[in-house]
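Close look at the chain arrangement
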Amino acid sequence: MPKKAATPVSFESSLQQLEQIVQRLESGELPLEDALNEFERGVQLARVGQQTLQQAEQRVQILLSDDKNGELTPFTAENE
């Protein structure tokens, strides 16, 4: 039976779900099958989150590219 397509959730909501999954997995109290299912869901959430962040970065680069005086530089923690 094919899986139903999940309804899109906000980035913040998926990040919160991912944090909860990590807590449950780290507790070590889940049976193996449940842990594997949680891990699979976590991987899916992480991939969607990464894609969302990449799209946001592209949008910012597009917005900055309209400013001919604006220089694009990769974000690093030192830039904060």
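Our structure's up above, just so we're on the same page.
Residues numbered from 1 in each chain as written. Predicted model: local features only at pLDDT ≥ 70, side-chain atom pairs only at ≥ 80, totals over all residues. Heavy atoms only, no water.

**Digging into the environment of Thr52**
- In this fold, Thr52 is placed in helix α2 (residues 32–65).
- Note on Thr52: relative accessible area 32%, which makes it partly exposed.
- Along the primary structure Thr52 and Phe11 are separated by 41 residues, whereas in three dimensions their C-alpha atoms are 7.3 Å apart. (Helix = DSSP H or I, 4+ residues; strand = E, 2+ residues; numbered from the N terminus. Buried < 20%, exposed > 50% of the residue type's maximum accessible area, 1.4 Å probe, protein only.)

**Some words on the pattern of salt bridges**
- What the rule picks out here adds up to one salt bridge.
- Residue Arg24 is joined to Glu38 by a salt bridge in which the shortest nitrogen-to-oxygen separation is 2.5 Å. Taken as a pair, Arg24 in helix α1 (residues 11–27) and Glu38 in helix α2 lie far apart in primary sequence, 14 residues in all.
- Classification of Arg24 by relative accessible area gives partly exposed; the value is 34%.
- Taking the relative accessible area as the measure of exposure, Glu38 reaches 18% and is therefore buried. (Salt bridge = Lys/Arg side-chain N within 4 Å of Asp/Glu carboxyl O.)

**Points about the environment of Ser27**
- Here Ser27 is to be found in helix α1.
- Residue classification places Ser27 among the partly exposed residues on the basis of a relative accessible area of 39%.
- Within the structure, the side chain of Ser27 is placed 2.7 Å from the backbone oxygen of Arg24, a separation counted as a polar contact. (Polar contact = N/O pair within 3.5 Å; in protein donor to acceptor, adjacent residues only side chain to side chain.)

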